[in-house]
Amino acid sequence: MATLPIRRAGRGVSRETASPLWAISAWIVGLIVFFPVLYMFLTGFKSENAAVELPPRLIFWPTFENYDAVFGINFVPFFRNSLVTSLVSTFFVMLLAIPCAYALALYRPKKWKDILFFFISTRFLPAAGVIVPLYVLFSPVGDPVLGVPGLGLLGTLQGLVILYTAMNLPIAVWMLRSFFEEVPRDILDAARVDGASLPREMFQIVLPMISPGLVATAFIAIIFAWNEFFLAYNLAPKESTVPMFMVRFVTSEGLFWAKLAASSTMAVIPIVLLGWIAQRQLVRGLSMGAVK
Amino acid sequence: MAVAQSPAQPAVAAPAAPTGSRRLAEHQIGRLLVLPALIFAILVTQAPFLLTILYSFQRWNLNRPDQRGFVGFDNYIFLLTRDPAFYEVILNTVIFVVGAVLASLALGLLFAELVNHRFPGRGIVRTMLITPFLIMPAAAALTWKNQMLDANFGIVDWLISLVGLRGPVWLSDYPMLSVIAVIVWRWAPFMMLILLAGMQSISEEVREAARVDGATARQEFFDITLPHLWRFMQLGGLLGTVFIVQEIDPIFMMTGGGPGDATTTLPYFVYEKARESFDIGRGAALGVIVVLMSIVVITLLVRLLDRMLERQEA
């Protein structure tokens, strides 16, 4: 498990070490919260019969039979599809959100607040509410009765990339705007007085200053895209992304917990590792500029 | 959704303009930079919604495609006056969202306060507490449904049996509580992240001054930390509401909206109408109702956000 460097110039964190009772309580709470993840991980290395055994064994001789079964299905396409949709949609999110947030924060176009609220309001719409129209629009035929053309995106990764981009765009605009807000105005003014062009101002001065914010925003977008189940389940083929791979091991007859645990572990590991490594950025990123 | 205002208006000189022409150009640049994202968001989110509005005025059941046609407000009238589940679903949605958001905030606050003190292994504990937020919702739902909450082989009922009691069949006896529990397990860490950022922005001088004045840990928490965190709790509550109201994977995976309609929330209800009853027209009308209700909630939340933005600028 990753231990993270926490001894930063202790801003806000109490400098004195907490009492042993505090430490013990914190550890107990942490272990309880973490337990389902640990248990899922361990079950992946048990036989199906041992997986339903009570009391549960936390120390046991591991078996790799579940992973053999899981690897028996070719998982590479699923992971490749998830990787492609997550990274490509995040790329487009950043491509669209960076200039937009940049302008909202530093150029303040008219009605910038309305624009910002429009973006965030698109995130309020439940995907389930538009799943049928999306299905119709994505299908090859559209809706001939109403004369709506079909885009032929049903069951394609392109379709998912478009939806994931739209899904993450509001959050990205929101987060990035708050990071751009933190850029000191005098630096910008100085650059402008010196006659710096917009690309130079953006790429050589501002973006490097907020690179942690860029990383945090991209991470959030990747996490949400990788973990997305509902749209992929309804609009993409059953062989599409990692969540589809995982649910394959849910069966109505016989024991499947151990194999499901193994496939779940594989499905969550990339994002869990990424999140562990990027904890500091997540804390900063999610506070979205409320820290100021 | 009519929240967007077209930015295509003549740029006028801003009040504090250094030079008029320069500001004019800036407004145009600003507009150009915003447009691609704005157009994309409008196309992708509003096109399906327009179609939803059209369908909501149609009788269209996929089982009887030949009877398709415009029926005016029939679908709306049916939902509001005759659908037996409609009001139960609204109540479910309120309980689901309010319960999950408040519980996540409370637990998130506890987690954040716990790891905001120095103790051995603090980094590891924080890492453990963050992890549920990173877990794929579908995987979390399945793990909880089976390994945690199963009546025969689940850990929770086994623990209850250790003290000599008989645990309930969680998903049929307490379905809403079970679904909320899984949501809270995943969203309390999110709240913790936001509140932790808030706690770390309290200056150490203020804390130290309080300690010098003889404040106890409890006084420090209630008199200094908590008031400072109010803004962060608002932000957490707001974002939590946005995300949690749309949580559909746990309902889909754990209860399928049941037993009966006990765990059917509005978004899941829309989905059920379309994918299980094949009733596109009523599903669409429901979708429109959901959006209209969201607009009311959004307006309230946006006012809150607006106040936060202003305070940030001040």
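Keep in mind that what you see is a predicted model, and the values were worked out from it rather than measured.

Reading the values: the criteria
Residues numbered from 1 in each chain as written. Chains lettered and ligands numbered in written order. Predicted model: local features only at pLDDT ≥ 70, side-chain atom pairs only at ≥ 80, totals over all residues. Heavy atoms only, no water. Contact = heavy atoms within 4.5 Å. Buried area = accessible area lost by both parts, 1.4 Å probe. Salt bridge = Lys/Arg side-chain N within 4 Å of Asp/Glu carboxyl O. Polar contact = N/O pair within 3.5 Å; in protein donor to acceptor, adjacent residues only side chain to side chain. Helix = DSSP H or I, 4+ residues; strand = E, 2+ residues; numbered from the N terminus. Buried < 20%, exposed > 50% of the residue type's maximum accessible area, 1.4 Å probe, protein only. Axes fitted to C-alpha atoms, helices over the stretch in contact; angles between N-to-C directions. Parallel < 35°, antiparallel > 145°, perpendicular 65-115°, else oblique. Left-handed = near helix turned anticlockwise from the far one by under 90°. Lys, Arg positive; Asp, Glu negative; His and termini not counted.

Now for the interface of chain B and chain A. One widely used convention gives an interface's size as the accessible area the parts lose upon coming together. Residue-level contacts link 118 residues of chain B with 122 residues of chain A. Together chain B and chain A conceal approximately 11,300 Å² of surface at their shared face, both sides included; 74% is due to carbon and sulfur atoms. When the area that chain B buries against chain A is broken down by residue, the three leading residues are Arg-118, Leu-134 and Met-136 of chain B, summing to 7%. Taken together, chain B and chain A are joined by zero salt bridges. There are eleven residue pairs in polar contact (both at pLDDT 80 or more) connecting chain B and chain A. Ranked by the residues each element gives to the side of chain B that touches chain A, the list is headed by helix α1 (residues 20-56) of chain B, at 24 residues.

Tracing the sequence through the fold places Ser-264 of chain A in helix α13 (residues 257-277). On the accessibility criterion, Ser-264 of chain A (1% relative accessible area) is buried. Once residues within four sequence positions are removed from consideration, Ser-264 of chain A is found in contact with Met-40 and Met-246 of chain A together with Ala-139 of chain B.

Further remarks concern helix α5 (residues 137-148) of chain B. Buried residues dominate α5 of chain B, accounting for eleven of its twelve residues. Looking only at α5 of chain B, the buried set comprises Pro-137, Ala-138, Ala-139, Ala-140, Ala-141, Leu-142, Thr-143, Trp-144, Asn-146, Gln-147 and Met-148 of chain B.

For any two helices packed against each other, one specifies the inter-axial angle together with the distance between the axes. Put simply, α13 of chain A and α5 of chain B touch, their axes get as near as 10 Å, and they point 155° apart. When the interaxial angle is binned, α13 of chain A and α5 of chain B end up roughly antiparallel. The handedness of the crossing between α13 of chain A and α5 of chain B comes out as left-handed. Contacts between α13 of chain A and α5 of chain B involve Trp-257, Leu-260, Ala-261, Ser-264 and Val-268 of chain A on the former and, on the latter, Ala-139, Leu-142, Asn-146 and Gln-147 of chain B.

Residues and elements named next belong to chain A. Checked against the element boundaries, Lys-46 lands in the loop between α1 (20-43) and α2 (48-51). In this structure, Lys-46 is buried with no salt-bridge partner, the nearest side chain bearing the opposite charge being Glu-53 at 6.5 Å. Here Lys-46 is in contact with Tyr-39, Ala-51, Arg-57, Phe-60, Thr-63, Asn-66 and Ala-258, once residues within four sequence places are set aside.

Under the defined criterion, the tally for this structure stands at eight salt bridges over all chains. For Glu-53 of chain A, the salt bridge is made with Arg-57 of chain A, and the minimal N-O distance between the two is 3.0 Å. Here Glu-53 of chain A falls in the partly exposed class, since its relative accessible area comes to 30%. Residue classification places Arg-57 of chain A among the partly exposed residues on the basis of a relative accessible area of 49%. Here Asp-279 of chain B makes a salt bridge to Arg-282 of chain B, at a shortest N to O gap of 3.6 Å. Using a relative accessible area of 10% as the deciding quantity, one classes Asp-279 of chain B as buried. The exposure class of Arg-282 of chain B is partly exposed, given its relative accessible area of 26%. Three or more residues are tied together by salt bridges with common partners; here these are Arg-177, Glu-181 and Arg-185 of chain A.

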